Protein chains: 2
Amino acid sequence: MAGPEGGTTDTGKGTLVSSVFADLRNTILGSRYSIGEKLPSEAQLTEQYSVSRTVIREAIAQLRADGLVQARQGSGVFVISNQAASGPGFLQVDAQRVSSMIEALELRTAIELESASLAAQRRSPAQEETLYERLHEFSRAIQAGLSTFDADFAFHLAIADATNNPRFREVLEMLGRSVIPRTSLQTGNDEKTSVPYLEKIQAEHREIADAISARNEEGARDAMRTHLRGSLSRYRELLRGSSA
Amino acid sequence: MAGPEGGTTDTGKGTLVSSVFADLRNTILGSRYSIGEKLPSEAQLTEQYSVSRTVIREAIAQLRADGLVQARQGSGVFVISNQAASGPGFLQVDAQRVSSMIEALELRTAIELESASLAAQRRSPAQEETLYERLHEFSRAIQAGLSTFDADFAFHLAIADATNNPRFREVLEMLGRSVIPRTSLQTGNDEKTSVPYLEKIQAEHREIADAISARNEEGARDAMRTHLRGSLSRYRELLRGSSA
DNA sequence: GTCAATAAGTTGTATGATGAATTTACTCTA
DNA sequence: TAGAGTAAATTCATCATACAACTTATTGAC
């Protein structure tokens, strides 16, 4: 077995297939691939997610069923659409529109407040440990000058897992990474990646983790609210800035 | 029945996976399985189509992406819908399993707490009016001896609308009516439809509406929590009862 | 430069094994 | 006999390996 690390999000509940599927789906819908572009090969994805080829193939089969990709034998898997075949209202966030991001973020706030509270009630020792491990990874990413993007999301997923209710992870994966300040929203982004800024985030994360660890429901909820309120206000600022 | 039968599309075009997928899909959409029915096991399907488990599993993965079936480890693969593209059934709740209902209800609690709070902040006068109208409809349904089912759900949707964030309605619709105690869960249901019980619900609803009307965020949140906590405990009781 | 043969890379399928969750059957007890 | 507890059988989830089929890049001869 290879180590339980790798690219993005793994450890947790739900099936591996659904995790990989959700992640790939978000990646595609988030326009991180352009139409016609080729996905990494199955072998590469196997590495990236640290799962077997079986899992990758089933996830891709689901993407195919959604009409997002098309596989060509001998050649590769290609993106043929980046729009959800959204029928009656799907939770698709338009990462280009700030207002859409704010809507999603409010929704996510709802989920995460309860998530933090439930996690404080129910976390297992193992889940507590995982939480701090994610915290540490975030720290390492800062020091290494790497993107904290995945580490941030992984931390929030770990909280969701600590509720022992797999639905919370599902919704979070569905909403994708819409909370996390993206450089994809052009915003002079220097500030967003500055070390002091990231360390503030890290401190907020620690606050949340500590409250969950102490089984302090109220504290966890409050710390999470503070954390997300920060993101929300930053987005609101963006919205004002762009319309002004 | 070995060999390439089982009905329709086989040899000829495309991959084996797409063949098997198309055939299974047609079978399900053609209502040859009823909702909740179990598909043949992977081993049986392997025999039936004379293909490997890999192919069967990928085909089933696609059916899952289409929201037609749901796989339960250790149990089997079950049909959960026989309608095509009736929405990207993601957060499909298995109404047959009480545990699944509880999971969904916890999720819904998260949404509705925030929803009530935001509604208290932002409701327009028109939305306030709508809220009381729904309340009234619920009342009328009780007196008429009709089902309060739709009225109940409509009330909650009205709150979601009062947040002025359309996502809240989307999620609520997605989760469906899973909060509302269903007679579909066999439960001697007489109690559930009794007038005193319904009037208690109605009183709780009024409490919520009043708090939103008064722009009392905390109050709205608390009233909603009380309301949903009731449903949750009723389900928990069911769970204990059925396992005993 | 052209073209055919070859090599390397990628998806499609098959097979066997192990783990985890659930259901069913059975045994033992009171 | 009834019931509880356990053992065994099912069934999906995942991993690992192997080979076939197809595409693309490379090579070598002319």
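Residues numbered from 1 in each chain as written. Chains lettered and ligands numbered in written order. Predicted model: local features only at pLDDT ≥ 70, side-chain atom pairs only at ≥ 80, totals over all residues. Heavy atoms only, no water.

1. Section: the overall build of chain A
Here is step 1: In terms of regular secondary structure, chain A is built from 10 helices and 2 strands.
Here is step 2: Secondary structure elements of chain A, listed N to C terminal, follow the sequence α-α-α-β-β-α-α-α-α-α-α-α.
Here is step 3: Residues classed as buried in chain A amount to 52% of the 244 residues present.
Here is step 4: Restricting to contacts in chain A with at least 6 residues of sequence separation, those with at least 24 account for 74%.
Here is step 5: Of the roughly 10900 Å² of accessible surface on chain A, a fraction of 49% belongs to carbon and sulfur atoms. (Helix = DSSP H or I, 4+ residues; strand = E, 2+ residues; numbered from the N terminus. Buried < 20%, exposed > 50% of the residue type's maximum accessible area, 1.4 Å probe, protein only. Contact = heavy atoms within 4.5 Å. Areas by Shrake-Rupley, 256 points an atom, 1.4 Å probe, with all protein chains shown as cover.)

2. A short note on the pairing of strand S1 (residues 69-72) of chain B
All names here are of chain B.
Here is step 1: Taken together, the 4 bridges between S1 and strand S2 (residues 76-79) define a ladder with antiparallel strand orientation. By the bridge assignment, Val69 is partnered in S2 with Val79.
Here is step 2: From the end of S1 to the start of S2, which pair antiparallel, there are 3 residues, and Gly74 there has a positive phi angle of about 85°. (Pairing = 2+ DSSP bridges.)

3. Regarding the protein's contact with DNA strand C
Here is step 1: Arg53(A), Leu16(B), Ser52(B), Arg53(B) and Gln73(B) are the nearest of the 22 residues found near DNA strand C.
Here is step 2: Here the atoms of DNA strand C within 4 Å of the protein split so that 58% fall in sugar or phosphate, with bases taking the remainder.
Here is step 3: At 2.9 Å from a base nitrogen of DNA strand C is found a main-chain nitrogen or oxygen belonging to Gly74(A).
Here is step 4: Secondary structure elements with two or more residues in the surface near DNA strand C: helix H3 (53-65), strand S1 (69-72) and strand S2 (76-79) of chain A together with helix H1 (16-29) and helix H3 (53-65) of chain B. (Near = heavy atom within 4 Å. Polar contact = N/O pair within 3.5 Å; in protein donor to acceptor, adjacent residues only side chain to side chain.)

4. Some words on helix H5 (residues 125-144) of chain B
Residue and element names in this part refer to chain B.
Here is step 1: If you check H5, its first and last C-alpha atoms are 29 Å apart, about what 20 residues at 1.5 Å a residue would give, namely 28 Å.
Here is step 2: Of the residues making up H5, those classed as buried are Gln127, Glu128, Leu131, Leu135, Phe138, Ala141 and Ile142. One side of H5 carries all its buried residues, which in axial view fall inside an arc of 140°. For H5, exposure combined with an orientation more than 90 degrees from the buried face picks out Pro125, Glu129 and Gln143.
Here is step 3: One or two steps after H5, the chain reaches Gly145, where phi turns positive at roughly 70°. (Expected span 1.5 Å × (residues − 1). Arc of directions from axis to C-beta.)

5. Some words on the protein's contact with DNA strand D
Here is step 1: Surveying the vicinity of DNA strand D reveals 22 residues, the closest of which are Leu16(A), Ser52(A), Glu42(B), Arg57(B) and Gln73(B).
Here is step 2: Close to the protein, within 4 Å, the atoms of DNA strand D are drawn from sugar and phosphate at a rate of 75%.
Here is step 3: One nitrogen or oxygen atom from the side chain of Arg53(A) is found 3.4 Å from a base nitrogen belonging to DNA strand D.
Here is step 4: Contacts to DNA strand D include Gly74(B), whose backbone N or O atom sits 3.4 Å from a base oxygen.

6. What about the nonpolar core?
Here is step 1: The biggest cluster of nonpolar side chains holds 24 residues, and the ones touching the most others in it are Leu107(A), Ile111(A), Phe168(A), Leu107(B), Ile111(B) and Phe168(B).
Here is step 2: Grouped together as the second largest cluster of nonpolar side chains are 21 residues, Val20(A), Leu24(A), Ala59(A) and Ile60(A) included. (Core = buried A, V, L, I, M, F, W, Y, C linked by side-chain atoms within 4.5 Å.)

7. A closer look at the packing of helix H5 (residues 125-144) of chain A against helix H9 (residues 195-213) of chain A
All names here are of chain A.
Here is step 1: Taken N-terminus to C-terminus, the directions of H5 and H9 make an angle of 175°; their axes are 10 Å apart at the nearest point. Taken together, the axes of H5 and H9 lie roughly antiparallel to each other. Every residue of H9 that contacts H5 at Glu128, Leu131, Tyr132, Leu135, Phe138, Ser139 and Ile142 is listed here: Val195, Leu198, Glu199, Ile201, Gln202, His205, Arg206, Ala209, Asp210, Ile212 and Ser213. (Axes fitted to C-alpha atoms, helices over the stretch in contact; angles between N-to-C directions. Parallel < 35°, antiparallel > 145°, perpendicular 65-115°, else oblique.)

8. Digging into the packing of aromatic side chains
The geometry of two aromatic rings is summed up by the distance between their centres and the angle between their planes.
Here is step 1: A full pass over the atoms with the stated rule returns 0 aromatic pairs over all chains.
Here is step 2: Across the ring face of Phe78(A), the terminal group of Arg72(A) is positioned such that the distance to the ring centre comes to 4.0 Å. (Phe/Tyr/Trp six-rings, centres within 6.5 Å; stacked < 30°, edge-to-face > 60°. Lys NZ or Arg CZ within 6 Å of the ring centre and 35° of its normal.)

9. Regarding the interface of chain A and chain B
Here is step 1: Facing 38 residues of chain A, the contacting portion of chain B comprises 35 residues.
Here is step 2: For the pairing of chain A and chain B, the buried interface totals around 3200 Å² over both sides, and the portion due to carbon and sulfur atoms is 55%.
Here is step 3: Looking at the side of chain A facing chain B, the largest losses of area belong to Glu58(A), Glu106(A) and Arg167(A), adding up to 19% of the total buried there.
Here is step 4: Inspection of the region where chain A meets chain B yields 6 salt bridges.
Here is step 5: Salt-bridge contacts for Arg122(B) lead to Glu106(A); the nearest nitrogen and oxygen are separated by 2.4 Å.
Here is step 6: Inspection of the chain A/chain B interface yields 12 residue pairs in polar contact (both at pLDDT 80 or more).
Here is step 7: Listing elements by their share of the side of chain A that touches chain B, those giving two or more residues are helix H1 (16-29), H3, helix H4 (98-122), helix H7 (166-175) and helix H10 (217-243) of chain A.
Here is step 8: In terms of residue count, H4(A) provides more of the side of chain A that touches chain B than any other element does, 12 residues in total. (Buried area = accessible area lost by both parts, 1.4 Å probe. Salt bridge = Lys/Arg side-chain N within 4 Å of Asp/Glu carboxyl O.)

10. A closer look at the pattern of salt bridges
Here is step 1: Applying the stated criterion across every chain yields a total of 29 salt bridges over all chains.
Here is step 2: Across the pair Arg108(A) and Glu112(A) runs a salt bridge, and its minimum N-O distance is 3.0 Å. Pair noted here: Arg108(A) and Glu112(A) are both in helix H4, with a separation of 4 residues, about one helical turn. Accessibility classification places Arg108(A) together with Glu112(A) in one group, the buried group.
Here is step 3: A salt bridge links Glu137(A) to Arg134(A); its shortest N-O distance comes to 3.3 Å. Here Glu137(A) pairs with Arg134(A), and both are found in helix H5, just 3 residues apart, close to one helical turn.
Here is step 4: Each member of the salt-bridge network shares a partner with another, and the members are Glu42(A), Arg53(A), Arg57(A) and Glu58(B).

11. Here we look at the environment of Leu24(A)
Residue and element names in this part refer to chain A.
Here is step 1: Along the polypeptide, Leu24 turns up in helix H1.
Here is step 2: By relative accessible area, which is 4% here, Leu24 ends up buried.
Here is step 3: Taking C-alpha positions, Leu24 is 10.0 Å from Ile56, a pair spaced 32 residues apart along the chain.
Here is step 4: Once residues within four sequence positions are removed from consideration, Leu24 is found in contact with Leu45, Tyr49 and Leu63.

12. What to know about the side chain of Asn165(B)
Here is step 1: Position of Asn165(B) relative to the elements: it lies in the loop between helix H6 (149-161) and helix H7 (166-175).
Here is step 2: Setting aside anything within four residues of it in sequence, one finds Asn165(B) in contact with Glu103(A), Glu106(A) and Ala160(B).

Everything listed here is a matter of coordinates, which is why it stays silent on function.
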